[in-house]
Amino acid sequence: MLNDTKRNEAFRQAILHAVREEGVERVLDIGTGTGILALYAHEAGAKKIYACESNEIMSQIACNVFENDKLGNIVLLKDHSTNLSVKDLGDAQVDLIVTEIFDSGVFGEGVLSTLIHAKKILLKESGRVIPNKVELFVVGVDHVGIAEKQESINSTLENSIYLKNTTLIPKVDGPYDTYSSAGGGDHLIIRTERAHAFTVNFNDLQSMQEADEGQLDATVQLRCSEGGHIEGFIVFFALHLDDKNVIANFDETPMTSEITKCWDPVLFRLNEPMEVRKYQVLKATVSCRGGVLNLKHEYDPIDERVVAVDPELYAFLADDEYLYELEYNVIKLLKKNKKKFVNFADFLTFPHIGINLLKEGEIETLYCPEKTRDFVEKISDWNCITKGAIKFVQDLEDFLENDIKLDIILMQPITGHGTLNEEHLKHYETLKTNCLSTSGAIFPNKIDLCAKLIHSSWLQQVTSVQNENLQDCSIPTQMNEYSTRHQFEFKDFDSSDLSDITTIAKIHFDENFHQKDVIINLNMVRNQINGILYYFKIFFTSNSIPVLTNRKKSFCTQNCFVQNFDVAKDRTSVVVRCIQDEFVFRCEILENTS
Ligand SMILES: C[S@@+](CC[C@H](N)C(=O)[O-])C[C@H]1O[C@@H](n2cnc3c(N)ncnc32)[C@H](O)[C@@H]1O
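Residues numbered from 1 in each chain as written. Predicted model: local features only at pLDDT ≥ 70, side-chain atom pairs only at ≥ 80, totals over all residues. Heavy atoms only, no water.

An unreviewed UniProt entry lists the protein chain under the name Protein arginine N-methyltransferase, with Hermetia illucens as the source organism.

Following this line, the structure appears as structure tokens:
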């Protein structure tokens with residue numbers, strides 16, 4: 001956000017204009033964060049500035065910035081603005097309120113209730129608010145990434161399991177998802193002309209009250225500019241700070257990876273892609289109730305056909321390559337043994353392989369995780385699987401006490417987020433030693449950790465404040481104290497390789513402490529190392545071809561450890577320390593080695 005020079009400069013210009021041209025003297029910055037807008041008011045020459053912030057950590061940062069930069073005319077109020085009264089503002093209302101408390105869905109941070117209170121209590125009758133208004137727009141889009149995933153899920157499941165024409169969709173936290181234009185791989189195609197939904201004027205009490213009370217439902221007509229598929233609707237906004245300074249969070253021209261964009265636009269997905277004709281007109285209703293942006297349409301299939309599943313499960317089922325390879329290895333073993341497996345434990349995110357084998361009569365009993373129960377029971381119903389044949393396991397620790405001998409155990413020592421799966425690592429060895437039948441096998445056999453060093457200005461920007469325009473104040477120093485050094489999800493963002501991919505460690509299936517230093521040779525490009533990008537090489541059996549998790553459709557996200565390592569011209573290698581400790585692993589470059 002602080003690296004978004006466009007956003008910062010637009011606010012700066014609007015504030016400079018209000019203070020210098022309109023003679024504003026007393027300013028209130030609501031949700032000051034690091035104090036940046038208060039700082040602009042100070043630069044503009046405002047006499048008295050009040051900056052309020054409700055978050056403890058942020059208000060400490062603002063406090064440090066104001067003290068460090070000796071901004072004596074800024075008063076920090078560590079409170080939510082709705083708790084403030086005129087008393088807190090030196091017994092007088094202010095001339096100008098500046099605020100940037102917006103999220104992707106505009107109203108999610110409570111801007112309406114905040115400004116309704118502020119306008120009634122804290123702002124002079126003749127005073128005004130920056131931003132002045134927000135306009136919301138809608139377009140219909142095709143989002144290739146979703147369709148590809150759904151195809152993989154269908155090919156994974158439908159070949160073997162009857163799904164009763166069900167469409168699986170990933171459960172969304174709240175009414176909408178966001179679309180990240182920096183997300184690489186996924187492509188967005190705009191299929192309709194844009195339609196204006198509604199405008200909220202932050203200088204008009206009635207306009208804000210109507211929006212807050214849900215009276216602004218706007219039904220828009222979206223004309224398809226070309227035929228094809230629609231996969232969802234994007235709602236985006238234009239924030240008018242004043243007459244001259246407007247910032248938008250989406251442009252309909254071909255998507256560029258504007259990495260410093262502050263807000264991703266909101267995406268309301270259809271449950272199934274829909275075919276549209278050129279000039280076809282689609283209808284959607286955009287609303288805001290109690291500060292929550294929503295969009296309704298009538299293009300989803302009837303509810304019973306749609307099953308919303310956990311996003312991790314959705315990504316797991318879309319990873320057809322991983323599942324095929326694992327199933328291939330299990331079946332190979334089954335054929336080699338020439339006997340029916342009796343007890344099969346499939347402890348993966350979804351026991352797809354176990355259900356398949358059960359359905360084919362290759363196994364008698366399937367043990368799988370309790371958390372998959374709802375969906376598994378539905379599927380076993382549809383596929384006429386005997387109820388008692390599936391046993392749900394709440395906890396591996398308890399399961400171990402049962403003394404059940406298993407012919408096959410499928411484990412998942414890494415999670416979909418690229419971290420270690422504590423429960424699986426903890427019990428892997430005990431399950432292997434105590435629960436496997438004599439001819440049984442446990443999968444996977446081994447997992448290696450692979451990594452490469454990268455330079456990525458994107459990574460730098462999202463994990464720290466790197467903005468030349470902020471060099472004169474202490475915001476970057478204060479903020480970067482808190483910048484992350486841990487795992488960070490890394491999609492297909494712009495980066496350049498500074499080394500080859502190297503196997504740097506093995507994942508230990510136990511709970512001991514492991515440490516290893518590895519030398520990684522640098523390639524010819526000498527640039528700052530911003531991250532150690534890592535992924536896993538999974539060997540299902542001792543001699544099987546490994547499955548790598550750096551594929552686009554991998555169930556496991558790609559992650560990196562954020563680094564900030566300047567490479568000297570003559571340096572040819574670095575030493576990376578890999579630590580696995582209590583089910584957490586981390587990698588870092590050792591500073592003083594050459
Ligand atoms: C999106 S950040 C923006 C920070 C800063 N104004 C900027 O432009 O970089 C919003 C901040 O406002 C704070 N906030 C939101 N609503 C608030 C309110 N009504 N009163 C005080 N703080 C608020 C949040 O805790 C958060 O730190």
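Peer 1: Where do I start with the environment of Ser437 in this structure?
Peer 2: When you line up the elements, Ser437 lands in strand E22 (residues 436-443). As for Ser437 and Thr34, which are separated by 403 residues in sequence, their C-alpha atoms are 60 Å apart. If we skip the residues at most four places from it in the chain, Ser437 touches Lys405, Leu406 and Asp407. (Helix = DSSP H or I, 4+ residues; strand = E, 2+ residues; numbered from the N terminus. Contact = heavy atoms within 4.5 Å.)

Peer 1: Just to check I follow, could you spell out the site of the ligand for this structure?
Peer 2: In the neighbourhood of the ligand, 19 residues make up the surrounding shell, with Arg7, Gly31, Glu53, Ser81 and Thr114 lying closest. Take Gly31: an N or O atom from its main chain is 2.8 Å from a nitrogen atom of the ligand. At 3.1 Å from a nitrogen atom of the ligand is found a side-chain nitrogen or oxygen belonging to His80. Among the residues making up the shell around the ligand, the classes are represented as six nonpolar, eight polar and five charged. (Near = heavy atom within 4 Å. Polar contact = N/O pair within 3.5 Å; in protein donor to acceptor, adjacent residues only side chain to side chain. Nonpolar A, V, L, I, M, F, W, Y, C, P; charged D, E, K, R; others polar.)

Peer 1: I keep staring at the domain arrangement of the protein chain and nothing clicks. Help me out?
Peer 2: Frequently, the measure chosen for interface size is the accessible area that the parts lose on association. Along its sequence, the protein chain is organised into domain 1 (5-100), domain 2 (134-144 + 170-304), domain 3 (314-443) and domain 4 (446-589). Taken together, the contact pairs 13 residues of domain 1 with nine residues of domain 4. Both sides together, the interface formed by domain 1 and domain 4 hides about 920 Å², and carbon and sulfur atoms give 66% of it. Summed over the shared surface of domain 1 and domain 4, the number is zero salt bridges. For the side of domain 1 that touches domain 4, the secondary structure elements donating two or more residues are helix H1 (5-22), helix H2 (36-44) and helix H3 (56-68). Ranked by the residues each element gives to the side of domain 1 that touches domain 4, the list is headed by H3, at six residues. Residues belonging to the side of domain 1 that touches domain 4 are distributed by class as follows: seven nonpolar, five polar and one charged. (Domains from an automatic or database assignment. Buried area = accessible area lost by both parts, 1.4 Å probe. Salt bridge = Lys/Arg side-chain N within 4 Å of Asp/Glu carboxyl O.)

Peer 1: Would you explain the sheet that holds strand E1 (residues 26-30) in this entry?
Peer 2: Sheet strands pair via backbone hydrogen bonds, and the direction of the pair is either parallel or antiparallel. Across the sheet, which stays open at both edges, the five strands sit in the order E3-E2-E1-E4-E5 with parallel pairing between neighbours. Both edges of this open sheet fall to strand E3 (74-77) and strand E5 (123-130), since each of them pairs with a single strand only. Each strand of the sheet is rotated relative to its neighbour by a mean of 20 degrees, with strand direction disregarded. The sheet contact formed by strand E2 (residues 48-52) and E3 spans four bridges and is parallel. When the sheet's bridge partners are listed, Cys52 is paired in E3 with Leu77. Helix-sheet contacts for H3 involve E2 and E3, and the interaxial angle to E3 is about 165 degrees. Contacting E1, strand E4 (94-99) and E5, helix H4 (residues 111-121) crosses the sheet at an angle of about 150 degrees to E5. (Pairing = 2+ DSSP bridges. Axes fitted to C-alpha atoms, helices over the stretch in contact; angles between N-to-C directions.)

Peer 1: Explain the sheet that holds strand E19 (residues 363-369) here, please?
Peer 2: With parallel pairing, the five strands of this open sheet are ordered in space as E20-E19-E18-E21-E22. Only two strands of the sheet have a single neighbouring strand rather than two, namely strand E20 (390-393) and E22. Strand-to-strand twist across the sheet, computed as the mean angle between neighbouring axes with direction ignored, equals 15 degrees. Sheet topology places strand E18 (residues 341-346) next to strand E21 (residues 406-410); three bridges connect them, and they run parallel. When the sheet's bridge partners are listed, Asp346 is paired in E21 with Leu410. Strands E18, E21 and E22 of the sheet are contacted by helix H8 (residues 320-337), whose axis makes an angle of about 165 degrees with E22.

Peer 1: Can you help me understand the packing of H1 against H2 in this one?
Peer 2: To characterise two packed helices, one gives the angle between the axes of the helices and the distance between these axes. With their axes 9 Å apart at the nearest point, H1 and H2 run at an angle of 40 degrees to one another. Relative to H2, the element H1 lies oblique. Regarding H1 and H2, the two cross each other, and that crossing is right-handed. Contacts between H1 and H2 pair Arg7, Asn8, Phe11, Arg12, Ile15, Leu16, Val19 and Arg20 from the former with Ile36, Leu37, Tyr40, Ala41, Glu43 and Ala44 from the latter. Considered class by class, the residues forming the contact of H1 with H2 number nine nonpolar, one polar and four charged. (Parallel < 35°, antiparallel > 145°, perpendicular 65-115°, else oblique. Left-handed = near helix turned anticlockwise from the far one by under 90°.)

Peer 1: Would you mind going over unusual backbone geometry with me for this structure?
Peer 2: With the exception of glycine, the majority of residues adopt a negative phi angle, and the majority of peptide bonds are in the trans configuration. Here the bond from Ile130 into Pro131 is cis, since omega is 5 degrees, no more than 30 degrees from zero. Look at the link from Phe443 to Pro444: it is a cis peptide, with omega at -5 degrees. Inspection of the secondary structure puts Pro444 in the loop between E22 and strand E23 (446-455). Of note in this structure, Asp403 is not a glycine but carries a positive phi near 60 degrees. For Asp403, the position within the fold is in the loop between helix H11 (396-400) and E21. Asp403 gets classed as exposed once you look at its relative accessible area, which sits at 61%. (Buried < 20%, exposed > 50% of the residue type's maximum accessible area, 1.4 Å probe, protein only.)

Peer 1: Before we go on, may I ask you to explain the nonpolar core in this structure?
Peer 2: One recurring pattern in soluble globular proteins: nonpolar side chains tend to sit buried together. Counting residues in each nonpolar core, the largest one holds 90 residues, and the members touching the most others are Phe347, Leu453 and Phe536. Here this core gathers at least three residues from each of two domains, domain 3 (314-443) and domain 4 (446-589). Beyond its immediate sequence surroundings of up to four residues, Phe347 is in contact with Tyr367, Cys368, Pro369, Val393, Leu396, Phe399, Ile409, Leu410, Met411, His424 and Leu431. (Core = buried A, V, L, I, M, F, W, Y, C linked by side-chain atoms within 4.5 Å.)

Peer 1: Would you mind showing me how to read the environment of Asn8 here?
Peer 2: Summarising the element assignment, Asn8 is placed in helix H1. Residue Asn8 is classed as buried on the basis of its relative accessible area of 5%. Along the backbone, Asn8 and Ile36 are 28 residues apart, and their C-alpha atoms lie at a distance of 8.3 Å.

Peer 1: How should I be thinking about a negative patch on the surface in this particular structure?
Peer 2: Together, Glu397, Asp398, Glu401, Glu422, Glu423, Glu511, Asp581 and Glu582 make up a region of like negative charge exposed at the surface. Elements represented by at least two residues in the negative patch include exactly H11 and helix H12 (422-435). Position of Glu401 relative to the elements: it lies in the loop between H11 and E21. A residue is classified by how much of its surface remains accessible, and Glu401, at 65% relative accessible area, is exposed. (Patch = residues over 30% accessible without salt bridge, like charges linked within 9 Å, V, L, I, M, F, W, Y side chains within 5 Å. Areas by Shrake-Rupley, 256 points an atom, 1.4 Å probe, with all protein chains shown as cover. Lys, Arg positive; Asp, Glu negative; His and termini not counted. Charge placed at Lys NZ, Arg CZ, Asp CG, Glu CD.)

Peer 1: Any chance you could explain the packing of H8 against helix H9 (residues 352-359) here in plain terms?
Peer 2: Remark: H8 packs on H9, axes separated minimally by 10 Å, with the N-to-C direction vectors making an angle of 45 degrees. Classified by the interaxial angle, the pair formed by H8 and H9 is oblique. With respect to the hand of their crossing, H8 and H9 are arranged in right-handed fashion. Of the residues in H9, those touching H8 at Leu323, Leu326, Glu327, Val330, Ile331 and Leu334 are His352, Ile353, Asn356 and Leu357.

Peer 1: In this structure, what is going on with the pairing of strand E14 (residues 266-276)? I would like to understand it.
Peer 2: A regular strand places its side chains on the two faces of the sheet in alternate fashion. Bridging between strand E8 (residues 177-178) and E14 involves two bridges; their strand directions are antiparallel. Looking across to E14, one finds that Asp177 is bridged to Leu267. Bridge count between strand E12 (residues 228-240) and E14: seven bridges; the pairing is antiparallel. By the bridge assignment for E14, Phe233 is matched with Phe268.

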